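Coordinate analysis (summary)
Spelled out, the chains give:
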Amino acid sequence: MPRSSVLASQAEDFPRWYQDVVAKAALADNGPVRGTMVILPYGFSIWERMQNELDARIKTVGADNCYFPLFIPESYLNREAEHVEGFAPEVAVVTHGGGKELDEPIVVRPTSETIINTYFSKWVQSYRDLPLKVNQWCNVVRWELRPRLFLRTTEFLWQEGHTCHATYEDARAFAETILTDVYADFMVNVLAIPVFTGRKPAYERFPGAINTLACEAMMLDGKALQMGTSHELGQNFAKAFGTQYSTETGGLEHVWQTSWGTSTRMMGGLIMAHGDDAGLRVPPRVAPIQAVVVLVKAEDGAGEAAEALARDLRAAGVRTELDARTDVSFGRRAVDWELKGVPVRIELGPRDIAAGQVTLVRRDTATKDATPIGGVARTVPGLLEQVQTELLGAARSWRDARTIDVTSVPDAVAASAEGFAQVSWRLLRQTDGEAALREHGITVRCLRQPDGSLPDSEDEDDTLALVARAY
């Protein structure tokens, strides 16, 4: 892999390497309040691409976007006991406003189940109103003791979806649809990050849920990152907030619900699943800049040729940037574009014009090829698809080579030193194996069937526990 002198080495200091990439690829900076972050324009442009791709999938399964307030009356949280207990350590509370103490403290949104259910109880009256599916893109606040940009911050950006259904079966099926057809599809086919999907153990459920499903990905240091979750809420919030509907036969029933979310944590996953010692490697489908035309010198018609080439690439549907900053050294600019992980770099100068060709540089492999100028706009779209496919293939090979089936807790501990282990869930529960794993900083990430499917419950005999060290 190429190596940039401006970054720490992944092999020598992975945490420092991560911090270097976030800073030097101009993704984010620390905010003035501990645990907050400023997302810089290039970082936000990647997040916008993630939003666009996810939003399209969310709309495809029938959810409409809306917005709910940032401030929630404290009494709302107190109406669902498990929910308030689960979030109490993370909640930020406003007690004063307008120069005086408030009559009722206000919670800064840690998640929106309570306030959304307040309105669901108004909107849902009849079976004809169901299913009801909404989603919002917003910020949330959860007080974080050990912040790390993108991975764990006090304030972060996310989407949160909420639905009401007439039956348990319909709600359960929709929670699984979100996990597989929205989240996993996006992560695999856009972010090029393979994920394991599974069921969280009961003690790891979202507060107030009856079941939580998760996508777990392996980072390049072998640790797990939870990339997204989908929750079956059962009727817990519906009963607390009186969200009921009249049935076709005239009865009155509480709705069954789901909630689900992904966040800017995916930015951290993108960095740690694909980056190398030269910086980011951004998969083309999520890259805000898919190709950059770098002008070496604006002599002998090279400047005009570079502009024409950028226009041709944009006309071919390639998100293209022209870098004509010839007052900055070519070497420095090349390093900057490598840091940002732009999939394809096209180098063009007077010598290239004379030879009738340009140099195409792939960021993922660092390979360079001479290509006729007239063929660039035809070549690049196919090359971008090739880069996308090979990044996913490399990430999947990395993960699969470091995911090991084991039959004992000591073997699980050994395997988790470099990756994931799959071990019998029944064995862990019968031998107090989870406690032994926790002593080594290893946790159960999710429960899966041997064929990769989702278990119907925690009690199925052949259920496997995916265990790993995690962020």
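Residues numbered from 1 in each chain as written. Predicted model: local features only at pLDDT ≥ 70, side-chain atom pairs only at ≥ 80, totals over all residues. Heavy atoms only, no water.

**A short note on the overall build of the protein chain**
- Per the secondary structure count, the protein chain includes 15 helices and 23 strands.
- A compact globule built from 471 residues would reach a C-alpha radius of gyration of about 23 Å, and the protein chain, at 25 Å, matches this within 12%.
- Taken along its principal axes, the extent of the C-alpha atoms in the protein chain is 80 × 55 × 50 Å.
- Looking at the protein chain as a whole, 55% of its 471 residues qualify as buried.
- Taking contacts inside the protein chain between residues at least 6 apart in sequence as the whole, the part at least 24 apart equals 69%.
- About 19,800 Å² of surface is accessible on the protein chain, with carbon and sulfur atoms providing 49% of the total.
- If you average the places of the 49 positive and of the 64 negative side-chain charges in the protein chain, the two averages end up 4 Å apart. (Helix = DSSP H or I, 4+ residues; strand = E, 2+ residues; numbered from the N terminus. Rg over C-alpha atoms; globule rule 2.2 N^0.38 Å. Buried < 20%, exposed > 50% of the residue type's maximum accessible area, 1.4 Å probe, protein only. Contact = heavy atoms within 4.5 Å. Areas by Shrake-Rupley, 256 points an atom, 1.4 Å probe, with all protein chains shown as cover. Lys, Arg positive; Asp, Glu negative; His and termini not counted. Charge placed at Lys NZ, Arg CZ, Asp CG, Glu CD.)

**So, the side chain of D277**
- Along the chain, the position of D277 falls in the loop between α8 (265–274) and β15 (291–295).
- Side-chain polar atoms of D277 contact the backbone nitrogen of Q10, separated by 2.9 Å. (Polar contact = N/O pair within 3.5 Å; in protein donor to acceptor, adjacent residues only side chain to side chain.)

**A closer look at the packing of helix α2 (residues 41–60) against α8**
- Where α2 meets α8, the closest approach of the two axes is 10 Å, and the angle between their N-to-C directions is 110°. Taken together, α2 and α8 sit at an angle that is classed as roughly perpendicular. Residue-level inspection shows G43, I46, W47, M50 and L54 of α2 in contact with α8, the latter providing M266, M267 and L270.
- Within the contact of α2 with α8, the residues separate by chemical class into seven nonpolar, one polar and no charged. (Axes fitted to C-alpha atoms, helices over the stretch in contact; angles between N-to-C directions. Parallel < 35°, antiparallel > 145°, perpendicular 65-115°, else oblique. Nonpolar A, V, L, I, M, F, W, Y, C, P; charged D, E, K, R; others polar.)

**A closer look at the nonpolar core**
- If you look at the biggest cluster of nonpolar residues, it comprises 67 residues, and the most contacted ones within it are M50, F150 and L191.
- Every residue in contact with F150, bar those within four places of it in the chain, is listed here: Y18, V22, L27, A28, M37, I39, T264, R265, M267, G268 and I271.
- Counting residues in hydrophobic clusters, the runner-up holds 23 residues, among them Y76, I116, V134 and F237. (Core = buried A, V, L, I, M, F, W, Y, C linked by side-chain atoms within 4.5 Å.)

**Let's talk about the sheet that holds strand β5 (residues 92–97)**
- One open sheet accounts for three strands, arranged β4-β6-β5; its pairing is antiparallel. Sheet topology places β4 (71–73) and β5 at the edges, where each strand pairs with a single neighbour. The average undirected angle you get between the axes of adjacent strands in this sheet is 45°.
- Sheet topology note: the β4/strand β6 (residues 100–108) ladder contains three bridges and is antiparallel. Counterpart to I72 in the pairing with β6 is V107. (Pairing = 2+ DSSP bridges.)

**Comments concerning the pairing of strand β7 (residues 132–141)**
- With 10 of 10 residues buried, β7 lies mostly within the body of the structure.
- By the alternation rule, side chains of β7 split into L132, V134, Q136, C138 and V140 and K133, N135, W137, N139 and V141, which are all buried.
- Note that strand β3 (residues 64–65) and β7 share two bridges and pair parallel. Its bridge partner being in β7, D64 is matched across the sheet by V134.
- Of the pairings in the sheet, the one linking β7 to strand β8 (residues 155–165) comprises 10 bridges and is antiparallel in character. Among the inter-strand pairings, K133 is bridged to a residue of β8, identified as T163.

**Notes on helix α10 (residues 330–340)**
- Of the residues making up α10, those classed as buried are R333, A334, W337, L339 and K340.
- Along its buried surface, α10 packs onto α1 (14–24), α2, β15, β16 (320–323) and β17 (344–348).
- Backbone geometry just after α10 places G341 at a positive phi near 75°.

**Some remarks on the state of the cysteines**
- A full pass over the atoms with the stated rule returns zero disulfides.
- Its sulfur unpaired, C66 is 9.3 Å from the next cysteine sulfur, which belongs to C138.
- Judged by its relative accessible area of 7%, C138 falls in the buried class. (Disulfide = S-S within 2.5 Å.)

**Re the environment of T167**
- Of note, T167 is situated in the loop between β8 and α6 (168–189).
- When the C-alpha positions of T167 and E253 are compared, they lie 9.6 Å apart, and in sequence the two are 86 residues distant.
- A distance of 3.0 Å separates a polar side-chain atom of T167 from the backbone nitrogen of D170.

**Concerning the side chain of E113**
- Examined against the element boundaries, E113 turns out to sit in helix α5 (residues 113–123).
- Only 2.6 Å separates the side chain of E113 from the side chain of T111, close enough to count as a polar contact.

**Describing the packing of α2 against α6**
- In contact at an axis separation of 9 Å, α2 and α6 are set at 150° when each is read in the N-to-C sense. As far as their axial angle goes, α6 and α2 are roughly antiparallel. Here the hand of the crossing between α2 and α6 comes out right-handed. Residues M50, E53, L54, R57 and I58 of α2 form the contact with α6, whose own contacting residues are V182, Y183, D185 and F186.
- Classifying every residue of the contact of α2 with α6 gives six nonpolar, no polar and three charged. (Left-handed = near helix turned anticlockwise from the far one by under 90°.)

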